Amino acid sequence: FIQRARRGAPSRHIDTVRSQTDMVTDQHTLGICLIMLGCLMSAAGMLFMKQSSVAYEHTLKPWQRWRFGIGLLLLVVNAAAVDVVVYGIVPLSIIAPFAGMTIVFTTLLSAAGVITERQLPSRRGAAGTLLVVAGLACVSSFGPRGDGRAASDPSLSPAALSLVCAALSFGSAWLSLPRGSP
């Protein structure tokens, strides 16, 4: 009977460790998705503020500049709500490299002409943006997992897979854009 109890104890411990690991992975995945949302909000906010200065709004009184207000609101909500949650559930070593995603989203939004006048990136700018996304995918795949150690399993996590998909989507979107002179 004692041997059976001893054999059962490690099994329960392993199950507990697995469930804790799954919970941490789920929190990191949620945190990375929130980081991406925050970067998109920051990019949109900055582009709205830029459009406010380019459009006729620079002649209006500050409270009449709705584009500036939307941009400021997006930046404040990102800093006050999204970032606070992210910093609580994701290690800083994972958060820090994602600041480059703001550049990626700004490039995509300006190339699409969604908020501002359409501005296509140069080939060098697009290549730099692809390098940022590739670097983020590497950090997410092989970087620290929160306890300071590198990932022992170099397989793609769901977060890394989403970054790879983002890189491929950006590359496809960039290649599909009509080009003028190089």
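Residues numbered from 1 in each chain as written. Predicted model: local features only at pLDDT ≥ 70, side-chain atom pairs only at ≥ 80, totals over all residues. Heavy atoms only, no water.

Q: Lay out the pattern of salt bridges with the relevant residues and their values.
A: Going through the model one piece at a time under the given rule, you end up with 1 salt bridge. Residue Glu-57 pairs with Arg-67 through a salt bridge whose shortest N-O separation is 2.8 Å. Separated by 10 residues along the polypeptide, Glu-57 in the loop between α1 (2-54) and α2 (66-89) and Arg-67 in helix α2 bring together distant segments of the chain. This pair shows no difference in class: Glu-57 is buried, exactly as Arg-67 is. (Salt bridge = Lys/Arg side-chain N within 4 Å of Asp/Glu carboxyl O. Helix = DSSP H or I, 4+ residues; strand = E, 2+ residues; numbered from the N terminus. Buried < 20%, exposed > 50% of the residue type's maximum accessible area, 1.4 Å probe, protein only.)

Q: Can you break down helix α4 (residues 100-112) residue by residue, with the values?
A: Taking 1.5 Å of rise per residue, the 13 residues of α4 would be expected to cover 18 Å, and the 19 Å separating its terminal C-alpha atoms lies within 8% of that figure. Along α4, the positions that sit buried rather than exposed are Gly-100, Met-101, Thr-102, Val-104, Phe-105, Thr-107, Leu-109, Ser-110 and Ala-111. The first or second residue beyond α4 is Gly-113, which carries a positive phi of 70°. (Expected span 1.5 Å × (residues − 1).)

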